[in-house]
Amino acid sequence: MNLPKITIVTPSFNQGNFIEETIDSILSQNYPNLEYIIIDGKSTDTTVEVIKKHEKHITYWESVKDRGQSEAINKGMRKATGDILTWICSDDLLLENSLQTAANYFLENPTVSLIHGKTKLFGEGYEDKITAGFHSDLSIDYFTHMAFPQPSSFFKINIFENQSYVVNNQKNWVDESLHYCMDYDLLLRTALNYDILKVDELFSAYRLHPASKTVSEWSKFEIEKDKVFLRLLNTLKANNEIEFLKELGIDSNEEILYNFDIQKAENLNIDKIIQSFLYRKIPVLFEAKDYETVVLYCEALHQKYPDFYQKMGLDSMYQTSKYNSLSSIGKLGWKFKKLI
């Protein structure tokens, strides 16, 4: 059987403590049709030394100053010639036999353009945990947030060929204006056009450490997630829902519109997508002790979607937030403007 070529891109910057484990985890797959590309942003630690140690097994690498992870991913993907693509950051790992397993799934499911599985969260000072994202309803989750761990996802080349952003006559697989939710933006472009398959395989290990964006800059993910979500609503011309979110202070001047398959878009339940989007934000805001906004979102959900509010058991967080909010008098009297 002719195995599809798989391209792995590793964006890298000053991860000399971890990158050798990343490289080993990819090369030790012994996948016979692997293309491995490393794009380093001119690291000043031991990263380049480590790369050179393995360069005879690396298809292409460079160490040139760049504007961050998104640009590095794009530079690597423009050099990719594989049938299947993904990126593995320089502090994460591929687990044994992941590439062979992913390839087999694609061969068995020729209409599928994205396959995703589970990942192990690990790191010094953190308890190991297996996650596959939140799968209450993937037909909704794909549109509300990054619904699965990116290191455990594999994309067909047709997504890069047909859904890239063209900037200065170059294809950009991810949006370089995004530094935290570029994968969610890519997921939306994929889910609006192609078939996706969730599998139960454990493909990767995602390292948590103080310097990782997930740990040190988690609050910035929410800002970008709002921006990307509004791109979806603008694309679907969901004007009432956009006005609803504006009432809650969720707004942006987004002008990007996605290409989409009309049949897939027609099958979307916008109300359920809005409900899930807000529901997933509330615990994050609660943990951040942004009680005023929790109160605001809960009251809005209660008034617009009372059955959903009761079903999801939000009243405890609402009451606690209402009690703890010392400056929410104005917002506690907020009256939801019913949109027609």
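(A) Focus on the overall build of the protein chain. Within the protein chain, the secondary structure is distributed over 16 helices and 11 strands. Here the protein chain holds 340 residues, and the buried ones make up 53% of them. Partitioning the intrachain contacts of the protein chain with sequence separation of at least 6 by distance along the chain shows that 76% fall at a separation of at least 24. Roughly 16,400 Å² of accessible area belongs to the protein chain as shown, and the carbon and sulfur atoms make up 48% of that amount. Positive and negative side-chain charges of the protein chain, numbering 37 and 48 respectively, have mean locations separated by a distance of 3 Å.

(B) Expanded view of the pairing of strand 6 (residues 112-122). Burial of strand 6 is extensive: eight of the 11 residues sit out of reach of the surface. In the sheet, strand 6 pairs with strand 11 (residues 195-207) via nine bridges, with the strands oriented parallel. Note on strand 11: the bridge partner recorded for His116 is Lys198. The sheet contact formed by strand 6 and strand 8 (residues 153-156) spans three bridges and is antiparallel. For Ile115, the partnering residue across the bridge sits in strand 8 and is Phe154. Pairing of strand 6 with strand 7 (residues 129-131), which is carried by three bridges, proceeds in the antiparallel orientation. For Leu121, the partnering residue across the bridge sits in strand 7 and is Lys129.

(C) Quick look at the confidence of the model for the protein chain. Per-chain confidence: the protein chain averages 92 in pLDDT, with 93% of residues scoring 70 or above. Scored below 50 in pLDDT, residues 328-340 shows 21 contacts in the model against residues more than four places distant or in partner chains.

(D) The arrangement of the pairing of strand 8 in detail. Judged from the two bridges that link them, strand 4 (residues 84-87) and strand 8 form a sheet pairing that is antiparallel. Paired with Ile84 across the two strands is Lys156, which belongs to strand 8.

(E) Inspection of the packing of aromatic side chains at higher detail. Scanning all chains against the criterion turns up 10 aromatic pairs. Seen in terms of ring centroids, Tyr142 and Phe148 are 6.4 Å apart; in terms of plane orientation they differ by 80°. Their pairing is edge-to-face. Residue classification places Tyr142 among the buried residues on the basis of a relative accessible area of 9%. You can call Phe148 buried: its relative accessible area is 3%. These aromatic residues form a ring-pair network of at least three members: Trp87, Phe155, Phe160 and Trp173. Above the face of the Tyr60 ring, Lys79 is positioned so that its terminal group lies 4.4 Å from the ring centre. Here Lys120 stacks its cationic end above the ring of Phe122, 5.9 Å away from the centre of that ring.

(F) How the structure looks around the side chain of Arg280. Structurally, the position occupied by Arg280 is in helix 12 (residues 270-287). The buried category is assigned to Arg280, whose relative accessible area is 17%. Excluding residues that lie within four positions of it along the chain, Arg280 makes contacts with Phe134, Ser136, Asp141, Thr144 and His145.

(G) Just the environment of Lys289, in detail. With respect to the secondary-structure elements, Lys289 resides in the loop between helix 12 and helix 13 (291-304). Residues Lys289 and Thr10 lie 279 residues apart in sequence; the distance between their C-alpha atoms is 35 Å.

(H) The arrangement of the packing of helix 10 (residues 239-247) against helix 12 in detail. Running from amino to carboxyl end, helix 10 crosses helix 12 at an angle of 20°, the nearest separation of the two axes being 11 Å. Relative to helix 12, helix 10 is oriented roughly parallel. In terms of crossing hand, the pair formed by helix 10 and helix 12 is right-handed. Of the residues in helix 12, those in contact with Glu241, Phe244 and Leu245 of helix 10 are Ile270, Asp271, Ile274, Phe277 and Leu278. A breakdown of the residues in the contact of helix 10 with helix 12 according to their chemical character gives six nonpolar, no polar and two charged.

(I) Just the pattern of salt bridges, in detail. Summed over the entire model, instances satisfying the criterion amount to 17 salt bridges. A salt bridge links Arg67 to Glu71; the shortest N-O distance between them is 3.5 Å. The buried category is assigned to Glu71, whose relative accessible area is 13%. Between Lys198 and Asp200 there is a salt bridge, and its shortest N-O distance comes to 3.3 Å. The exposure class of Asp200 is exposed, given its relative accessible area of 56%. Each of the salt bridges in this network shares a partner with another, and the network as a whole consists of Asp175, Asp185, Arg189, Lys227, Arg231 and Glu254.

What counts and how
- Residues numbered from 1 in each chain as written.
- Predicted model: local features only at pLDDT ≥ 70, side-chain atom pairs only at ≥ 80, totals over all residues.
- Heavy atoms only, no water.
- Helix = DSSP H or I, 4+ residues; strand = E, 2+ residues; numbered from the N terminus.
- Buried < 20%, exposed > 50% of the residue type's maximum accessible area, 1.4 Å probe, protein only.
- Contact = heavy atoms within 4.5 Å.
- Areas by Shrake-Rupley, 256 points an atom, 1.4 Å probe, with all protein chains shown as cover.
- Lys, Arg positive; Asp, Glu negative; His and termini not counted.
- Charge placed at Lys NZ, Arg CZ, Asp CG, Glu CD.
- Pairing = 2+ DSSP bridges.
- pLDDT = per-residue confidence, 0-100.
- Phe/Tyr/Trp six-rings, centres within 6.5 Å; stacked < 30°, edge-to-face > 60°.
- Lys NZ or Arg CZ within 6 Å of the ring centre and 35° of its normal.
- Axes fitted to C-alpha atoms, helices over the stretch in contact; angles between N-to-C directions.
- Parallel < 35°, antiparallel > 145°, perpendicular 65-115°, else oblique.
- Left-handed = near helix turned anticlockwise from the far one by under 90°.
- Nonpolar A, V, L, I, M, F, W, Y, C, P; charged D, E, K, R; others polar.
- Salt bridge = Lys/Arg side-chain N within 4 Å of Asp/Glu carboxyl O.

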